[in-house]
Amino acid sequence: MKSLFRNCIYQGKNLFRDFGFVFWSLLYPIILSGFFYVAFSGIMNMDFKDIDIGIEEGNPIQYILEEIDILKVHTISRDQAEEKLIDEEIKGFIDGDLNLIVNKSGINQTIIKEILEQIRQMERLNRPLENYDFQVDYILNKNQEANMIVIIFYSLIAMVSTYGVFAGIVAVSLIQANLSHIGARINITPLKKYNFLIAGVIVALALNLFANGVLILFIKHALKLQLFNEIKYSSLFIFLGNLLGTSLGILIGASNRKSHGVKNLMAIATTLFLSFLAGMMSPDIKVIIDKKMPILGGINPISIISNNLYRINLLGSTKSVREGALLLTLYSILLLFSSYMFIRGRNYDSI
Amino acid sequence: MVVKVRNLVKRYKELIALDHFNMEVEEGEILGLLGPNGCGKTTAINCILSLLSFDKGEVEVFGRKMTPDAYDIKQKIGLVPQEVSVFENLTVRENVDYFCGLYVDDKHLRRRYVDEAIEFVGLKDYVKFYPKKLSGGLKRRLNIACGIAHKPKLIFLDEPTVAVDAQSRNFILNGIKELNKEGSTIIYTTHYLEEAEMLCKRIVIMDNGKDLVSGSKEELKAMITTSEKVVVSFTSISDEELSEMKGLPHVIDIERDGEEYIIKFESGINNLTKLLEFIKEKELIYTKLHSQLPTLNDVFLELTGKELRD
Ligand SMILES: Nc1ncnc2c1ncn2[C@@H]1O[C@H](COP(=O)(O)OP(=O)(O)O)[C@@H](O)[C@H]1O
Ligand SMILES: [Mg+2]
């Protein structure tokens, strides 16, 4: 117990001071999330303010529209509308039958259309329109684009939750005499090999969870994106992602004698590819895969994590939690078991 | 007997790295394992320590069969590996403390041992340094400190002075003598003759995975036929005079090395006097003349037909 604790402290120090680790686990995800944020900020930061719309004097919904902050209502006649639409003085015109007339399509037009849709629906249901907060409702309902961005961020978080993979590679290299000089040195001491490896796994999990926490705080406070409404199941999936990543790292580390750099590349390639399939580069990929090969989304661990984060936090649904968590646990067990085949030797044919 | 190795055979695929290798180490001695690069010294150590599997043979350490999980035997051993093997991101002190802590649980005792080891290798001013900031020589000293801090009874040092400046080398060699005086048995591998000669009580000479001979340096030198060499630089000497010189009593061979002639004698009395008489008689003029006792290099040369040089 005491020696486990000492090993955790020293391996933790050794890892935390490693530039490669700090970069890949801590900085790279933050840089990547900043990059995504900038790249998609056109859609993220939709400027809802002052969308000019035209409406005829006396239209019953005029006062409702005037209550909505993001709209600026101009009362004009039907005849003037055409001209003003062309001059882009207004983005859309609403006629007496609540039809929307636009001159071109765009995000502002979409917003007007959605609001109009809501009003029609409310009218059909005979609900009082006065108290309705269309702005909030619009944002909560999220249009298609906003949903896509959220998918990207959930898959980013899913990916970096598996970044314990780097620490896993280090931990196993340090204990295998045929993989590192330190490994040879440690193997001739009275320290039991698994004691060292378990410490390595604990350190990998602790440091990567810490790095995930930093990223989530960064997204929440610096990028001001509210991704997590639910803590318990979200944490479970992030933890399982860590376990999976660390196990994968141990397997990559133990299964071959390639250089450390090559192993890191193998880790990056694997996680990046799975994240790509999970929709991190382009949500379209996810849409296509979900349509054409739903099974792939169901077994891709990064998809499992990002889909569950999405469902838990945005849709409030926990229906796939059990299945996802079981599958991820199973993966980790399989990875660790395969690694054991490589690690179990008590001495080496060649070092 | 602290270490006993019998007929050890180790193959790396096709290559036979150890070929029926034998070695015995007695308590309290410094044993030198001397041989050229690639002769199997490191392989022998790793097999003895159960780090490497081997094909045949027996290894006993402290009178018991050595195995990978003989933790109580490992407890009494210290290894200074050939390659510097320390944590890159731990400081000098943290490294020594880490490795010492794998043997010594007691915190106070460990603190004392760590201090002593750092003092011993002369790294007191560098305790907060990371290994990459240390020169090659200082790094090797750290490597040594990590292997000996727990005061092991048996210490393996695998070429600890390779690529080290003269100052660090002397420091290291004196330190090893010191460790031995304090009671540690030491196995020291090297391909430097002078080191083996000045440090070791007994030497095993090794080549191609085999132990060729073992004994004290005097015993080893007594084994070979050449017992004395005289090196002379003649201003001029004819071939007849040279062959006449070869006929002198006890002369085994004469080699030419540029200006110098190396005359090898087997043991006998008045070898040098007889040579000087010959030179006087022939009125040969020489610029330089000195006599050499045989070195371990001569021993190695005679055993293997090749020189043991860098
Ligand atoms: N891991 C290995 N795989 C294959 N051959 C090896 C390996 N390690 C050492 N050898 C070979 O075994 C021989 C002995 O090597 P080594 O024990 O390192 O010699 P030394 O320590 O005396 O320099 C050399 O020929 C070396 O090339
Ligand atoms: Mg060697």
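Residues numbered from 1 in each chain as written. Chains lettered and ligands numbered in written order. Predicted model: local features only at pLDDT ≥ 70, side-chain atom pairs only at ≥ 80, totals over all residues. Heavy atoms only, no water.

Student: Whenever I open this one, the packing of aromatic side chains confuses me. Can you help?
Tutor: Centre distance and the angle of the planes are the two values used to describe a pair of aromatic rings. If you walk through the whole model with that rule in mind, you get 18 aromatic pairs over all chains. Between the aromatic rings of A:F23 and A:Y28, the centroid separation amounts to 6.3 Å while the plane-to-plane angle is 40°, which identifies the pairing as tilted. Here A:Y28 falls in the buried class, since its relative accessible area comes to 16%. Cluster of aromatic residues (ring-pair linked, three or more members): A:F19, A:F23, A:W24, A:Y28, A:Y163 and A:F166. Between B:K151 and the ring centre of B:Y113, over which it is positioned, the NZ or CZ distance is 5.1 Å. Directly above the aromatic system of B:Y192 lies the positively charged group of B:R169, at a separation of 4.3 Å from the ring centroid. (Phe/Tyr/Trp six-rings, centres within 6.5 Å; stacked < 30°, edge-to-face > 60°. Buried < 20%, exposed > 50% of the residue type's maximum accessible area, 1.4 Å probe, protein only. Lys NZ or Arg CZ within 6 Å of the ring centre and 35° of its normal.)

Student: Any chance you could explain the packing of helix α1 (residues 2-16) of chain A against helix α11 (residues 193-222) of chain A here in plain terms?
Tutor: For any two helices packed against each other, one specifies the crossing angle of their axes together with the interaxial distance. Residue and element names in this part refer to chain A. In contact at an axis separation of 8 Å, α1 and α11 are set at 50° when each is read in the N-to-C sense. Judged by the inter-axis angle, α1 sits oblique to α11. Here α1 and α11 pass one another in a crossing that is right-handed. Across the interface between the two elements, S3, L4, N7, C8, Q11, G12, L15 and F16 of α1 pack against N195, F196, I198, A199, G200, I202, V203, L207 and F210 of α11. (Axes fitted to C-alpha atoms, helices over the stretch in contact; angles between N-to-C directions. Helix = DSSP H or I, 4+ residues; strand = E, 2+ residues; numbered from the N terminus. Parallel < 35°, antiparallel > 145°, perpendicular 65-115°, else oblique. Left-handed = near helix turned anticlockwise from the far one by under 90°. Contact = heavy atoms within 4.5 Å.)

Student: Whenever I open this one, the site of ligand 1 confuses me. Can you help?
Tutor: Near ligand 1, the surroundings consist of 13 residues, among which A:S350, B:G38, B:K41, B:T42 and B:T43 are the closest. Neighbouring residues of ligand 1 are distributed over chains A and B. A distance of 3.0 Å separates a nitrogen atom of ligand 1 from a polar backbone atom of A:I351. Protein contacts shield 67% of the accessible area of ligand 1, which totals 560 Å² for the unbound molecule. (Near = heavy atom within 4 Å. Polar contact = N/O pair within 3.5 Å; in protein donor to acceptor, adjacent residues only side chain to side chain. Areas by Shrake-Rupley, 256 points an atom, 1.4 Å probe, with all protein chains shown as cover.)

Student: Just to check I follow, could you spell out the interface of chain A and chain B for this structure?
Tutor: Quoted interface sizes are often the accessible area lost when the parts come together. The partner chain B presents 38 residues to the 28 residues of chain A that form the contact. Of the roughly 3,100 Å² buried between chain A and chain B, counting both surfaces, carbon and sulfur atoms make up 56%. Inspection of the region where chain A meets chain B yields three salt bridges. Between B:D97 and A:R6 there is a salt bridge; the shortest N-O distance is 3.4 Å. For the pair chain A and chain B, the interface holds 17 residue pairs in polar contact (both at pLDDT 80 or more). Counting only elements with at least two residues in the side of chain A that touches chain B, the list comes to α1 and α10 (181-187) of chain A. Considered class by class, the residues forming the side of chain A that touches chain B number twelve nonpolar, seven polar and nine charged. (Buried area = accessible area lost by both parts, 1.4 Å probe. Salt bridge = Lys/Arg side-chain N within 4 Å of Asp/Glu carboxyl O. Nonpolar A, V, L, I, M, F, W, Y, C, P; charged D, E, K, R; others polar.)

Student: I would appreciate a short explanation of the sheet that holds strand β2 (residues 15-25) of chain B in the present structure.
Tutor: Strand pairing in a sheet is mediated by backbone hydrogen bonds. Such pairs are either parallel or antiparallel. On the basis of which strands lie adjacent, the open sheet formed by four strands has the order β2-β1-β4-β5 (chain B) and antiparallel pairing. Of all the strands in the sheet, just β2 and β5 (64-65) of chain B have a single pairing partner and so form its edges. (Pairing = 2+ DSSP bridges.)

Student: Explanation requested: the domain arrangement of chain B in the structure shown.
Tutor: Here the domain parsing of chain B yields domain 1 (3-221) and domain 2 (228-293). Using only C-alpha atoms to locate each centre, domain 1 of chain B and domain 2 of chain B end up separated by 43 Å. (Domains from an automatic or database assignment.)

Student: Hey, could you run me through the coordination of the magnesium ion (ligand 2) in this one?
Tutor: By definition of the ideal shapes, a tetrahedral metal site with four donors has angles of 109.5 degrees and an octahedral site with six donors has angles of 90 or 180 degrees. All names here are of chain B. Donor atoms from the polypeptide that bind the magnesium ion (ligand 2) are T42 (OG1) and Q82 (OE1), placed at 1.9 to 2.2 Å. Separated by 40 residues along the polypeptide, T42 in helix α1 (residues 41-48) and Q82 in the loop between β6 (77-80) and α3 (92-101) bring together distant segments of the chain. Here T42 falls in the partly exposed class, since its relative accessible area comes to 26%. (Donors = N, O, S within 2.8 Å, 3.2 Å for Na, K, Ca; no water.)

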